[in-house]
Amino acid sequence: MLGVEPCFFNASLCLFSIYIYIIWHSSTVIYIRFLNVYHCNPSSLTSRALVSPPCQGHYILQNDANSLSPFPTVNKHKPWIETTYHGIITENDEKVLLDPPLIALDKDAPLRYAGEICGFRIHGQNVPFEAVVLDKSTGEGVIRAKDKLDCELQKEHTFTIQAYDCGEGPDGANMKKSHKATVHIQVNDINEYSPVFKERSYKATVIEGKNYDNILKVEAVDADCSFQYSQICSYEIVTPDVPFTVDKDGNIKNTEKLNYSKERMYKLTVTAYDCGKNRASEDVLVKINIKPTCKPSWQGFNKRIEYEPGTGTLALFPSIHMENCEEPITSIQATIELETSHIGKGCDRDTYSEKSLHKLCGASAGTVELLPSPSSTTNWTLGLPTDNGHDSDQVFEFNGTQAIKIPDGMVSSSLKEPFTVSVWMRHGPGAREKETILCNSDKTEMNRHHYSLYVHNCRLVMLLRQDPTEAESYKPAEFHWKLDQVCDKEWHHYVLNIEFPSVALFVDGATFEPFLVSEDYPLHATKIDTQLTVGACWQGGSVHMTQFFRGSLAGLMIRSGKLENKKVIDCLYTCKEGLDVQLPEDVVQFNPNQSSLTLEGDDIENVEKVMQHISYLNSRQFPTPGIRHLRISTTVKCFNEDSCITMPDSEGYVMVLQPEEPKISLSGIDHFARGASDFESSEGVTLFPELRIVSTITREVEAEAEGEDDPTVQENVVSEEIMHNLDNCEVTVVGDDLDGEHESLDLDLTQIQQRGLEMSSSNVGMIITGVNTMANYEQVLHLIRYRNWHTEALFDRKFKLVCSELNGRYISNGFKVEVNVIHTTNPMDHANNAMVQPQFINPVHPASVDLSGHNLVNAHQASVVPSAATIVIVVCVSFLVFMIILGVFRIRAAHQRSMRDQENGKENEMDWDDSALTITVNPMEVWSMRTSLSSPFSLDTVMDTHAYCSLKKPMTELLRFPWQCFTHSVVCFEEGDGCHVGGRGQSLWL
């Protein structure tokens, strides 16, 4: 195809500028050539050509020819190329894609050599490219890399290029060059590198309990040069199940609050990906240490604090200090609480009877205990359920169905004002019905309540109806107190001082005024007796109980004629355990029972010193063992209130160890005889003349060893005698009850009162109560006498003594005493029998072993044996001793002779044959014999009686006292069968 543009005419010459487009159908490449044609006669051009002026050149296009014919034959023109080229090459490739393509044009074309392009020349230093001519005639060429390029070393290359033709001949003479064109080549990247982390490992430390937006940042780089392949597009935590995540920028944060106690360090493996999805060549290790959070708290004290009974005060926080996390603090308020509500009635108190506690606190006489521990003399509480889980702290449970009647005469039917009612009560939220604690109502016919103490809707109400007077008018009758303590299920001590018309209430030592006082008419005068009840109210008209109480009661007391003073009330409520600190009162504030204290300060160091002086004290000799919880509550104020710290409560507990339990032992003479006249005398017979009360505790002490690891070391048990009080001793009759018509137990009341004790007696025995020393109880028990003024039919009486401490918490052994009555006749009737039954006593020692069960010793100094009988006994004993000594010598002599006979070979063996021997004893020697048998003896001693006895049993049985007694003789049965001595008109079993 041929396209021609017309040239411009100038004078006679017509200059055409012709664009010739030549298309070779045999090639896929289009070549564009610019030709200048001189033509003087435009009409000579053929119709196949289009001429466009102006035209300049060496060639004329002929429409009838396939080639162009030059007119001159010289290389007149330089090759022509574009001024700028832009190329792209991929690294590791060699061909450059140029825009525009590399084509050089020469106006001398189509002349051979002069119109051909022989090559391209690249100018620049260390240019890693070369230009190659693909077709000389068309001037087409390419640029290619000499070696593989690396984008990472150099991304772009810039150089210049020139084209040159082939000159005028084969030798390249008169070669012409084109202008220099600038070539810009960009090296394209391939994803040949993987990401690499900048650090070999990463470490970070965080504080537990916080959520972090950024804990640390991991960073990887890629060596690829391009933006696409050199960028890190994502990071990933490879370690599974960890509370962390990483974002695309490498920032690691936690997904949940970390806990130091759960995990102290996490190890994570992290990898990276570039935008070409290449993974890091090596993953990186990330270590995250968890640091305990700086928690404002009290530190440096043991959670478990052991208290050994009897050691006095124990410092609770000797090394305590406050951790405030460096926060400036302006003031501190700390409250230390000792939880003792589960111990006894709110804390550890002496568990003596309420009556004894009133005496210990200084209350005057006249107090009546309505809920005493059940005993032979106080048996009206016997059917009530009790709570004995607090070391004999007597507590009575009322479930809404039980109630008791107080025996008549215990409390005066008409209380004389003023009077006091005190009680320990634990009560929870109840029903809307009244719940009666104490009630005095008509016994029969009517249902009037004279006075009562009851609970109603968490209110404590005291009803007091006045006796009839001349002027019948309204008077205060009901006093109401609305108290949270009534329904909080905790133990509280209530004391009501009643002095009409005012009633004062003390709860745990604090005073409360009634919020409501209602009035009523006085009661009408009647002769109806009243009934005092506890736990409900008696309805005399309908004969049944009503208004039952639900809760726990203890220590219910009534005291008529006098009010209780504040000192006694505080004493009754005060605990035997609590917190203690030896500091001025203006620094520390205690609550009434010393179970909590509060201290304030503005300096941490000073507050810490006070805390270090706080101690626990239990003044009981035998405290209640168990746990007492501790709690420290702290409030602080800071300069910056917005960032002020919060102090959590700190908790621990005091473990009161089990005290060594005392063993109370009663010992003395447990068997003796007295004449009938002694029992019938005005003084009677002393039951416990030589009684001893001893209390011991047993401790385990490790024996000293040569080495610390000596496995043979054993613990030795050591018994130590201790002194403590007693609060009860009870003497009971073993066998038939006392017959008040002819026998009694007596005790001097003056001696009882001087020692601050009380005594009550009945037909079953005698009870001595009151807190006092063991020595005082011994002295009182020595004075107890038994009288019987009709002894004709009495041969013996047995009694049992039991003492206890702390309301029965520690009980002694049961000490039994047997007394025999000696009946005597006219001495002339026994002229031929000088043996008169003597009085005898039997001392008991805990460590002694009684072989016969009836050890007889010399008569007690208080015995009343006639002087003649005493002389006879002494003579008989002396004679028996003489005979025993004589027998010993004879037996030894016989034994020595037999031994010599053995040595001479006369006998190989001597067998003692005692099967036919019997023993006969003069009845005058019976008492001497019995005396000797109660003493240590030997074979020689027994054999010394051969003048009166013949052996009947083997010697082994003889050593076990195989004697059997007949009249005027003694021969044995087995041990313990006793012996019978017979005489004229008299017999006695021993």
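In this text, all values refer to a predicted model and were calculated from it rather than measured experimentally.

Turning our eyes to something else, we now look at the pattern of salt bridges. Per the counting criterion, the structure on display carries 18 salt bridges. One salt bridge connects Arg559 with Glu564, and the closest N-O pair in it is separated by 2.3 Å. The burial state of Arg559 is the same as that of Glu564; both residues are buried. Note that Glu651 and Arg631 form a salt bridge whose closest N and O atoms lie 3.5 Å from each other.

Here we take up the confidence of the model for the protein chain. Averaged over the protein chain, the pLDDT score is 77; the fraction of residues at 70 or greater is 74%. Overall, residues 1-72 carries pLDDT values under 50, and its contacts beyond four positions in sequence, including any with other chains, amount to 151 contacts. Taken as a whole, residues 826-866 scores under 50 in pLDDT and shows 73 contacts with residues more than four places along the chain or in a different chain.

Assignment of secondary structure puts Glu564 in the loop between β42 (550-560) and α3 (566-573). Overall, the relative accessible area of 6% leaves Glu564 in the buried class. Separated by 2.3 Å, the side chains of Glu564 and Arg559 make a polar contact.

Quick look at the sheet that holds strand β11 (residues 156-165) now. Pairing in this open sheet of five strands is mixed, and the strands run β6-β5-β12-β11-β8 from one edge to the other. Here the strands that pair on one side only, and so sit at the sheet edges, are β6 (97-99) and β8 (117-123). Between one strand axis and the next, the sheet turns by 30° as a mean value, whatever way the strands run. The pairing of β11 with strand β12 (residues 181-188) spans six bridges and is classified as antiparallel. For Ile161, the partnering residue across the bridge sits in β12 and is Ala181.

Let us look at the state of the cysteines. Summed over all chains, the structure comprises ten disulfides. Note that Cys118 is cross-linked by a disulfide to Cys166, the S-S spacing being 1.7 Å. Every disulfide takes its handedness from the sign of the S-S torsion; for Cys118 and Cys166 that torsion is 115°, giving right-handed. In this pair, Cys118 is assigned in strand β8 and Cys166 in the loop between β11 and β12, connecting sequence segments 48 residues apart. The exposure class of Cys166 is buried, given its relative accessible area of 4%.

Take the pairing of strand β21 (residues 284-291) next. Going residue by residue along β21, you find Val284, Val286, Ile288 and Ile290 tucked away on one face and Leu285, Lys287, Asn289 and Lys291 left uncovered on the opposite face. Examined bridge by bridge, strand β14 (residues 201-207) and β21 share seven bridges and lie parallel to one another. Counted as the bridge partner of Thr205 is Asn289 from β21. Note: strand β20 (residues 265-274) against β21, six bridges, orientation antiparallel. Note that in β21 the partner of Thr269 across the bridge is Leu285.

All right, on to the sheet that holds β21 then. On the basis of which strands lie adjacent, the open sheet formed by four strands has the order β14-β21-β20-β17 and mixed pairing. Edge positions in the sheet fall to β14 and β17 (232-237), since each has one partner strand and no second. In this sheet, adjacent strand axes meet at a mean angle of 25° when their direction is disregarded.

Our focus in this paragraph is a nonpolar patch on the surface. On the surface, Val877, Val881, Ile885 and Phe889 cluster together into a nonpolar patch covering about 350 Å² of accessible area. Assignment of secondary structure puts Val881 in helix α8 (residues 867-903).

The residue after Asp99, namely Pro100, is reached through a cis peptide bond having omega -5°. Relative to the helices and strands, Pro100 is located in the loop between β6 and β7 (105-106). In this structure, the amide linkage connecting Ala109 to the following residue, Pro110, adopts the cis form with an omega of 15°. Position of Pro110 among the secondary structure elements: in the loop between β7 and β8.

To continue, consider the environment of Thr598. Checked against the element boundaries, Thr598 lands in strand β45 (residues 596-601). The spatial distance from the C-alpha of Thr598 to the C-alpha of Thr634 is 9.6 Å, given a sequence separation of 36 residues. Within polar-contact distance, the side chain of Thr598 engages the side chain of Thr335 at 3.3 Å.

Bringing the packing of aromatic side chains into the picture now. The way to describe two aromatic rings as a pair is by their centre distance and the angle between their planes. Considering all chains together, one arrives at twelve aromatic pairs under this definition. Here the aromatic rings of Phe197 and Tyr235 are separated by 6.2 Å at their centres, their planes lie at 45°, and the arrangement is tilted. Residue Phe197 is found in strand β13 (residues 196-197), and its partner Tyr235 is found in strand β17; the two are separated by 38 residues along the sequence. Given a relative accessible area of 9%, Phe197 falls into the buried group. For Tyr235, a relative accessible area of 10% gives the class buried. Taken together, a centroid distance of 6.4 Å and an interplanar angle of 50° make the contact between Phe688 and Phe815 tilted. Of the two residues, Phe688 sits in the loop between β50 (685-686) and β51 (692-702) while Phe815 sits in strand β60 (residues 815-822), which places them 127 residues apart along the sequence. For Phe815, a relative accessible area of 5% gives the class buried. Ring-pair connections join several aromatic residues into one group, and the members of that group are Phe679, Tyr786 and Phe799. Between the NZ or CZ atom of Lys345 and the centre of the ring of Trp424, over which it lies, the distance is 5.5 Å.

Glancing now at α3. Every buried residue of α3 is accounted for by Val568, Ile569, Leu572 and Tyr573. For α3, the angular spread of the buried residues around the axis is 130°, confining them to a single face. The opening residue of α3 is Asn565, an N-cap whose side-chain oxygen sits 3.1 Å from the backbone nitrogen of Lys567.

What counts as what
Residues numbered from 1 in each chain as written. Predicted model: local features only at pLDDT ≥ 70, side-chain atom pairs only at ≥ 80, totals over all residues. Heavy atoms only, no water. Salt bridge = Lys/Arg side-chain N within 4 Å of Asp/Glu carboxyl O. Buried < 20%, exposed > 50% of the residue type's maximum accessible area, 1.4 Å probe, protein only. pLDDT = per-residue confidence, 0-100. Contact = heavy atoms within 4.5 Å. Helix = DSSP H or I, 4+ residues; strand = E, 2+ residues; numbered from the N terminus. Polar contact = N/O pair within 3.5 Å; in protein donor to acceptor, adjacent residues only side chain to side chain. Pairing = 2+ DSSP bridges. Axes fitted to C-alpha atoms, helices over the stretch in contact; angles between N-to-C directions. Disulfide = S-S within 2.5 Å. Patch = residues over 30% accessible without salt bridge, like charges linked within 9 Å, V, L, I, M, F, W, Y side chains within 5 Å. Areas by Shrake-Rupley, 256 points an atom, 1.4 Å probe, with all protein chains shown as cover. Phe/Tyr/Trp six-rings, centres within 6.5 Å; stacked < 30°, edge-to-face > 60°. Lys NZ or Arg CZ within 6 Å of the ring centre and 35° of its normal. Arc of directions from axis to C-beta.

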